[in-house]
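One letter stands for each residue in the lines below.
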Amino acid sequence: MNKDTQALILTQDTEPSWQYQLGHCIKDLESLCKFTALDINKIAFSTKAHREFQLKVPYAYAARIQKGNYQDPLLLQVLPQTTELEYYPGYSTDPLEEADANLLTGLIHKYKNRVLLTLSGACAINCRYCFRRHFPYSENSIGADQWLAIIDYINADSSIEEVIFSGGDPLATSDKRLQKMIVQLGDIKHLQRLRIHTRLPVVIPKRITEQLCEMLQSSPLQCLVVIHANHANEFDLDVQDALSRLKQAQVTVLNQAVLLKGINDTVIAQKALHLASFKAGALPYYLFVLDKVQGAAHFNIEDQQAQTLMQKLQCVLPGYLVPKLAREIPGKPHKTLLAI
Ligand code: SF4
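Residues numbered from 1 in each chain as written. Predicted model: local features only at pLDDT ≥ 70, side-chain atom pairs only at ≥ 80, totals over all residues. Heavy atoms only, no water.

Things to note about the overall build of the chain
A count of helices and strands for the chain gives 13 helices and nine strands. For the chain, the C-alpha atoms occupy an extent of roughly 55 × 55 × 40 Å along the three principal directions. Out of the 340 residues in the chain, the part that is buried amounts to 53%. A fraction of 80% describes how many contacts in the chain between residues 6 or more apart in sequence connect residues 24 or more apart. Per element, the accessible surface of the chain, about 15700 Å² overall, is 51% carbon and sulfur. For the chain, the separation between the mean place of its 35 positive charges and that of its 34 negative charges on side chains is 3 Å. (Helix = DSSP H or I, 4+ residues; strand = E, 2+ residues; numbered from the N terminus. Buried < 20%, exposed > 50% of the residue type's maximum accessible area, 1.4 Å probe, protein only. Contact = heavy atoms within 4.5 Å. Areas by Shrake-Rupley, 256 points an atom, 1.4 Å probe, with all protein chains shown as cover. Lys, Arg positive; Asp, Glu negative; His and termini not counted. Charge placed at Lys NZ, Arg CZ, Asp CG, Glu CD.)

Comments concerning the nonpolar core
Membership of the largest hydrophobic core comes to 95 residues, with the highest contact counts inside it found for F165, L185, L194 and L216. When neighbours within four sequence positions are excluded, L194 is seen to be in contact with V163, F165, I182, L185, L216, L221, Q222, C223 and L224. Residues L254, Y286, F288 and A326 belong to the second largest nonpolar core, which totals seven residues. (Core = buried A, V, L, I, M, F, W, Y, C linked by side-chain atoms within 4.5 Å.)

Notes on the packing of helix α7 (residues 144-156) against helix α8 (residues 175-186)
One way to put it is that α7 packs onto α8 with a least axis distance of 11 Å and a crossing angle of 20°. Here α7 lies roughly parallel to α8, going by the angle between them. Crossing of α7 over α8 shows right-handed handedness. On the side of α7, the interface is formed by W147, I151 and I154, while α8 contributes M181, Q184 and L185. (Axes fitted to C-alpha atoms, helices over the stretch in contact; angles between N-to-C directions. Parallel < 35°, antiparallel > 145°, perpendicular 65-115°, else oblique. Left-handed = near helix turned anticlockwise from the far one by under 90°.)

A short note on the site of the ligand
Close to the ligand lie C123, I125, C127, C130, G168, R199 and H228. One can see that the ligand is located within the largest pocket. For the shell around the ligand, the per-class residue count stands at four nonpolar, two polar and one charged. (Near = heavy atom within 4 Å. 1 Å grid on protein atoms, 1.4 Å probe; cavity = no way out; pocket = protein on both sides within 12 Å on 5 of 7 lines; lining within 4 Å. Sits in = over half its atoms within 2 Å of the grid points. Nonpolar A, V, L, I, M, F, W, Y, C, P; charged D, E, K, R; others polar.)

Some thoughts on unusual backbone geometry
A cis geometry characterises the amide bond from G167 onward to G168, with omega recorded as 15°. Of note, G168 is situated in the loop between β3 (162-167) and α8. You will see that N113, though not glycine, has its phi angle at about 75°, which is positive. Examined against the element boundaries, N113 turns out to sit in the loop between β1 (107-108) and β2 (114-120).

What to know about the environment of P80
Looking at the element boundaries, P80 is found in the loop between α6 (75-78) and β1. Residue P80 is classed as buried on the basis of its relative accessible area, which comes to 0%. For P80 and I340, which are 260 residues apart along the polypeptide, the C-alpha to C-alpha distance reads 33 Å.

Quick word on the pattern of salt bridges
Scanning all chains against the criterion turns up 15 salt bridges. For the salt bridge of R64 with D236, the shortest nitrogen-to-oxygen distance reads 3.2 Å. Linking R64 in the loop between α5 (59-62) and α6 with D236 in the loop between β5 (222-228) and α11 (237-248), this pair joins segments that are 172 residues apart in sequence. On the basis of relative accessible area, R64 is assigned to the buried category, the value being 12%. (Salt bridge = Lys/Arg side-chain N within 4 Å of Asp/Glu carboxyl O.)

What about the packing of α8 against helix α10 (residues 210-218)?
Where α8 contacts α10, the axes come no closer than 10 Å and their chain directions differ by 5°. As far as their axial angle goes, α10 and α8 are roughly parallel. Of α10, the residues touching α8 (which contributes D175, K176, L178, Q179 and I182) are Q211, L212, M215 and L216. The residue inventory of the contact of α8 with α10, partitioned by class, reads five nonpolar, two polar and two charged.

Shown next as structure tokens:
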């Protein structure tokens, strides 16, 4: 059996397993153009930007890009463009200054009562606006020794109530590894909640396996999954099914999004996003203004414009579907809400 065949663990309905999908994403412009019916010569693609932060899109997500649409909001989130190379003052490689809070390999302790673990440096998709696009994941990979140090750290600090699995994408890791970690965390008496920040239920919905749901349901910790979708078109029936599997396992599901110029910066797009998110089973949580990460300035929306947009959004959605407009300010002990 060759490597590809081994990886292709087909399920009954013959859709490739999530592992196969994760290992076989679109990673070059030619394949992306072919799949989305775009003319390669009409795209402001930057090879340099691609070298710095590789193009990566799972087929399940690329299938939701409208064929032949150069301005498709899903396409623009993943396409390395020449605009990324322009220099803007105030944009940095570590906009949230997380290095100072990176107290142990793989552990960031920024907020009281919560620690964040960078469980996996891998993502299924490379989002061009990602504030961790320059994060030194290789220096933060969690092996057996690092994991023991993390468990010791959490055990020793009874003020920690919540562990957040982040990344990269924490669900890029295997169920077997997750199972061990979740069981060990569940044995820590002062821990109450486990939160998983992941884009995988949206970009490869098949990732929400029965085994994953069972381990979350059987944990003594209250489990939350915070998905990340920025546009209504990111939701389809497969995403809806994935989220219902989580909800059947008593997991609370929330969505957080980033306000992105040219992608979701209108009242119509925002309204559609939060309605689609709710319909699929995720309550809108945060709408973040862009973190000023180098290479993403072309997505930025000024605060005033964001606040005006939210004021209008409040008039067309019930309160429970309006996310909190927020930004993260380095050194602050919580997210900062923008008044609307
Ligand atoms: S960490 Fe999240 S936002 Fe950043 S590239 Fe990965 S999936 Fe996208």
